[in-house]
Amino acid sequence: IIWLNIVKKKSYKRKYSIKKKKIRNLVILCGPSSVGKTTLSKTKYSNYLQVDSDGPIWYQVVKKECDDKGIMRNCPECKQRIEKKLYTQMVNSTKDKNNVVFVHVYAEPILQALGKESAKVVLVTTSLKQLAQNIAKRGNRDVLPVLRGYRNFFIPDHAKTLSLYK
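**Q** Is there a simple way to explain the side chain of R24 in this structure?
**A** Relative to the helices and strands, R24 resides in the loop between α2 (10-15) and β1 (25-30). We classify R24 as buried; its relative accessible area is 13%. In terms of polar contacts, R24 uses its side chain to reach the backbone carbonyl oxygen of K95, at 3.3 Å. Within the local environment of R24, its side chain forms a polar contact with the side chain of E117, the two groups lying 2.7 Å apart. Those residues within four positions of R24 in sequence are excluded, and the remaining contacts are T94, K95, D96, K97, N98, L114 and E117.

Laid out in structure tokens, this is it:
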């Protein structure tokens, strides 16, 4: 009530400009491969800017790490540079947007690239039956890396290294 009384005074309005802090709605969908992160982002967050680490942004970053023939250099330093650039570029591409959903396996690197900005982190998972159907739909997906991804997320010995579980 006190605030309303102060704002109603014309002299206060002239002397001081009241600026609302811009609040961004940032969401990170993370989880193992083939669980439906991209599908969820396109359905539930259809009015958000979609930034998928497997999308065009990945190719922009990787293209810079290729040789003259377009073949990616296979070295640990190249992979580290790509990952660092990928997360930074994902975040930088959204600076002027209010509603953004990031899609990536892990949330931690995106949270680090966001710095002091906060984001809602959603861990996406599915049943093993649905996972098998998702893999079958893709056809060319190797099952072993997908199952390893599940192991890394949900078996305690492996998941304890992820900061989301601490």
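Once you've had a look at it, read on.
**Q** Quick question: what am I supposed to make of helix α4 (residues 56-63) here?
**A** Spacing of three or four residues puts side chains on the same side of an α-helix, whose turn is 3.6 residues. Those residues of α4 lying buried are I57, V61 and V62. Take α4 and look down its axis: the buried residues cluster within an arc of 130°, on one side only. For α4, the exposed residues set more than 90 degrees away from the buried face come down to P56, Y59 and K63. Of the surrounding elements, those touching the buried residues of α4 are β2 (49-52) and α5 (76-92).

**Q** Could you clarify how one ought to interpret the packing of aromatic side chains in this entry?
**A** Each aromatic ring pair is summarised here by two numbers: the centre-to-centre distance and the angle between the ring planes. Applying the stated criterion across every chain, the model contains one aromatic pair. Between Y45 and Y48, the aromatic rings sit 5.2 Å apart at their centres with planes inclined by 75°, giving edge-to-face as the arrangement. Taken as a pair, Y45 and Y48 share a single burial class, namely buried. We note K44 situated over the ring of Y45; from NZ or CZ to the ring centre the distance is 5.8 Å.

**Q** Whenever I open this one, the sheet that holds β2 confuses me. Can you help?
**A** By way of backbone hydrogen bonds, the strands of a sheet pair with one another, either parallel or antiparallel. Here we have four strands laid out as an open sheet, ordered β2-β3-β1-β4, and parallel in their pairing. Looking along the sheet, the strands with just one partner apiece sit at the ends: β2 and β4 (120-123). Each neighbouring strand pair of the sheet contributes to a mean axis angle of 20°, computed without reference to strand direction. Two strands pair when backbone bridges link them, and β1 and strand β3 (residues 99-103) are joined in this way by five bridges, in the parallel orientation. Looking across to β3, one finds that N25 is bridged to N99.

**Q** Help me understand the environment of M90 in this model?
**A** Considering the arrangement of structural elements, one finds M90 in helix α5. In this structure M90 comes out as buried when scored by relative accessible area, which is 0%. A sequence separation of 20 residues divides M90 from I110, and the C-alpha atoms of the two residues are 8.0 Å apart. Those residues in contact with M90, other than ones at most four positions away along the chain, are V51, S53, I57, F102, V103 and I110.

Calculation criteria
- Residues numbered from 1 in each chain as written.
- Predicted model: local features only at pLDDT ≥ 70, side-chain atom pairs only at ≥ 80, totals over all residues.
- Heavy atoms only, no water.
- Helix = DSSP H or I, 4+ residues; strand = E, 2+ residues; numbered from the N terminus.
- Buried < 20%, exposed > 50% of the residue type's maximum accessible area, 1.4 Å probe, protein only.
- Polar contact = N/O pair within 3.5 Å; in protein donor to acceptor, adjacent residues only side chain to side chain.
- Contact = heavy atoms within 4.5 Å.
- Arc of directions from axis to C-beta.
- Phe/Tyr/Trp six-rings, centres within 6.5 Å; stacked < 30°, edge-to-face > 60°.
- Lys NZ or Arg CZ within 6 Å of the ring centre and 35° of its normal.
- Pairing = 2+ DSSP bridges.
- Axes fitted to C-alpha atoms, helices over the stretch in contact; angles between N-to-C directions.

Don't take any of this as a statement about function, it's just geometry.
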